[in-house]
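# Summary of the model geometry
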Amino acid sequence: MNDKPKDWKTYDEFAYGIDTNRLPATEALAGSAHRVNFDDGRRLELSFGKGEVRWSDGKESATDRAEVIEVAPNTYFVEIVFAGRPREAETLIVNVQTHRALSIYSIVRDAKDAVGEPQVAQVFRPGIVEGGDAGGPMPAESRDLIGLRAHFTYSPNHVYEHTYLSSQRYSWQCLVGVQRGHGDVDLTTTYKFDENQYVFTFREFKIPVASTFFYNFDDMRSTGKFLGITADGRIQNSRAGAFIRKASMTYYLPGQEPV
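The text that follows walks through the structure, step by step, so that each part is easy to find. (Residues numbered from 1 in each chain as written. Predicted model: local features only at pLDDT ≥ 70, side-chain atom pairs only at ≥ 80, totals over all residues. Heavy atoms only, no water.)

## Some words on the side chain of Thr75
The condition is simple: Numbered from the N terminus, helices here are DSSP runs of H or I no shorter than four residues, and strands are runs of E no shorter than two. A 3.5 Å cut-off defines polar contacts: any pair of N or O atoms within that distance qualifies, except that in protein one atom must be a possible hydrogen donor and the other a possible acceptor, and neighbouring residues in sequence count only when both atoms are side-chain atoms. Residues count as neighbours in contact if any of their non-hydrogen atoms are within 4.5 Å of one another.
Looking at where Thr75 falls in the secondary structure, it is placed in strand S5 (residues 75-81). Among the polar contacts listed, one links the side chain of Thr75 to the side chain of Asn95, at a separation of 3.1 Å. If near-sequence neighbours (up to four positions away) are discounted, Thr75 is found in contact with Ile69, Glu70, Ile93, Val94, Asn95, Phe193, Gln197 and Phe214.

## Brief notes about the sheet that holds strand S2 (residues 43-48)
Which entries qualify depends on this criterion: Whether two strands pair depends on DSSP finding at least two bridges between them. In this analysis, axes come from line fits to C-alpha atoms, helices being fitted only over the stretch in contact, and the angle between any two N-to-C directions falls in the range 0 to 180 degrees.
Strand order around the closed barrel formed by eight strands is S1-S2-S3-S4-S5-S6-S7-S8, with antiparallel pairing between neighbours. Averaged over all adjacent pairs, the angle separating strand axes in this sheet is 30°, with direction ignored.

## Points about unusual backbone geometry
What counts, and what does not: The buried label applies to any residue whose accessible area, calculated with a 1.4 Å probe on protein chains only, is under 20% of its type's maximum; exposed applies above 50%, and partly exposed to all values in between.
Of note, the phi angle at Asn196 is positive, near 65°, even though the residue is not glycine. Along the chain, the position of Asn196 falls in the loop between strand S13 (183-194) and strand S14 (197-203). Even without being a glycine, Met220 presents a positive backbone phi close to 55°. Here Met220 is to be found in the loop between strand S15 (209-216) and strand S16 (221-229). On the accessibility criterion, Met220 (23% relative accessible area) is partly exposed.

## Here's the deal with the environment of Ser142
Here Ser142 lies in the loop between strand S9 (140-141) and strand S10 (148-155). According to the relative accessible area criterion, Ser142 is buried, its value standing at 14%. Once the C-alpha coordinates of Ser142 and Tyr215 are considered, the two residues, 73 residues apart in sequence, prove to be 13 Å apart. Not counting the four nearest positions on each side in its chain, Ser142 is found in contact with Thr190, Tyr191, Lys192 and Tyr198.

## Some thoughts on the pairing of strand S1 (residues 33-38)
By the alternation rule, side chains of S1 split into His34, Val36 and Phe38, which are all buried, and Ala33, Arg35 and Asn37, of which none is buried. Bridging between S1 and S2 involves five bridges; their strand directions are antiparallel. Among the inter-strand pairings, Val36 is bridged to a residue of S2, identified as Leu44. In sequence, S1 turns back onto S2 through a hairpin of four residues, with Gly41 there showing a positive phi of about 100°. As judged from the three bridges shared by S1 and strand S8 (residues 120-129), these two strands associate in the antiparallel manner. The residue of S8 that forms the bridge with Val36 is Val129.

## Quick word on the pattern of salt bridges
Note the threshold: A side-chain nitrogen of Lys or Arg and a carboxyl oxygen of Asp or Glu constitute a salt bridge if their distance falls within 4 Å.
Scanning the entire structure with this criterion turns up 18 salt bridges. Measuring nitrogen to oxygen at the nearest pair gives 2.4 Å for the salt bridge that ties Lys225 to Glu79. On the criterion of sequence distance, the pair formed by Lys225 in strand S16 and Glu79 in strand S5 is long-range, its members being 146 residues apart. For the pair formed by Lys225 and Glu79, the shared burial category is buried. For Lys192, the salt bridge goes to Asp144, with nearest N and O atoms at 4.0 Å. Remark: Asp144 occurs in the loop between S9 and S10 and Lys192 occurs in strand S13; sequence separation between them is 48 residues. Overall, Asp144 belongs to the partly exposed group, its relative accessible area being 40%.

## With respect to the environment of Ala247
With respect to the helices and strands, the residue Ala247 is situated in strand S17 (residues 235-249). Note: C-alpha distance between Ala247 and Leu148 (99 residues apart in sequence) is 7.8 Å. Non-local contacts of Ala247, meaning those with residues more than four positions away in its chain, are made with Arg149, Ala150 and His151.

## Re the nonpolar core
We apply this condition: To define a nonpolar core, start from buried Ala, Val, Leu, Ile, Met, Phe, Trp, Tyr and Cys residues and group those joined through side-chain atoms within 4.5 Å.
Of all hydrophobic cores here, the largest spans 27 residues; its most connected members are Phe14, Leu145, Phe152, Tyr164, Tyr215 and Phe226. Those elements giving two or more residues to this core turn out to be helix H1 (11-15), S10, strand S11 (158-164), strand S12 (169-176), S14, S15 and S17. Among the elements that make up this core, the one with the highest residue count is S10 (four residues). Counting 19 residues, the second largest nonpolar core, distinct from the first, contains Phe48, Trp55, Ile80 and Val94.

## A look at the environment of Pro208
Counting through the fold element by element, Pro208 comes out in the loop between S14 and S15. In sequence terms Pro208 and Thr230 are 22 residues apart; their C-alpha atoms lie 8.5 Å from each other.

## A word on the packing of aromatic side chains
Here is the rule: Ring geometry is summarised as follows: Phe, Tyr and Trp rings, the Trp one being its six-membered ring, pair when their centres sit within 6.5 Å, and such pairs are stacked at plane angles under 30 degrees, edge-to-face over 60 and tilted between the two.
Here the structure, examined in full by the defined rule, presents 20 aromatic pairs. Between Phe14 and Phe226 the ring centres are 5.5 Å apart and the planes differ by 75°, which places this aromatic pair in the edge-to-face class. Taken together, the residues Phe14 in helix H1 and Phe226 in strand S16 connect sequence positions 212 residues apart. For the pair Phe14 and Phe226, one class covers both residues: buried. For the ring pair Tyr170 and Phe202, a centre distance of 5.2 Å and an interplane angle of 40° mean the geometry is tilted. Of this pair, Tyr170 sits in strand S12 while Phe202 sits in strand S14, and the two are 32 residues apart along the sequence.

Right, dumping it as structure tokens:
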């Protein structure tokens, strides 16, 4: 972990209550089964129950806790919390109508394996849900957010400003909350999932935490999670969600665009 200011808040200190404005969970997928084929050859089978999912990837299988949220029409944010892999978690974005899918697999590494990098790593896998022809755009990395400055209200005590600097980095600062006055620049990856729908992720340097969010700009809602290490060394997977307000947009001259 990199050096940080002495008053820098730990993951669990800022995350408390950050799920106040999160969309509610749904049981819409309970009783259904889906098979997802990913571009890298991975194959994932899912059978949903109430608050859980039976999964199999051809190498391992288990029944684990799962939270399902409908974040757009026919589109679900699925968070799988592995009892047997406490340092890992998988977020799936699945559209059961277009059959498009995206997996974001987060891994809390040992500090010695992440020297010079954020300690929590992420792996991205676009895929297709079996059962019909895939429609709509294929999830792909996107530069669409570059130049946007937006405010995210997670609760009355959690308001953050994001400025999307490039395809690799964004800056944040806390406007309301325990981190007020704090800010940083962290590594990001952004995927466009569909029109006005983006998956935004970031990996922090100062503390071991990474996040995955689904942005629905039609509804101006953000739904996501944090995975990281608390002040007392526990692995914690925390829910989050916010109302979005676009504040401004910066436009760049040709040849001067960020990377």
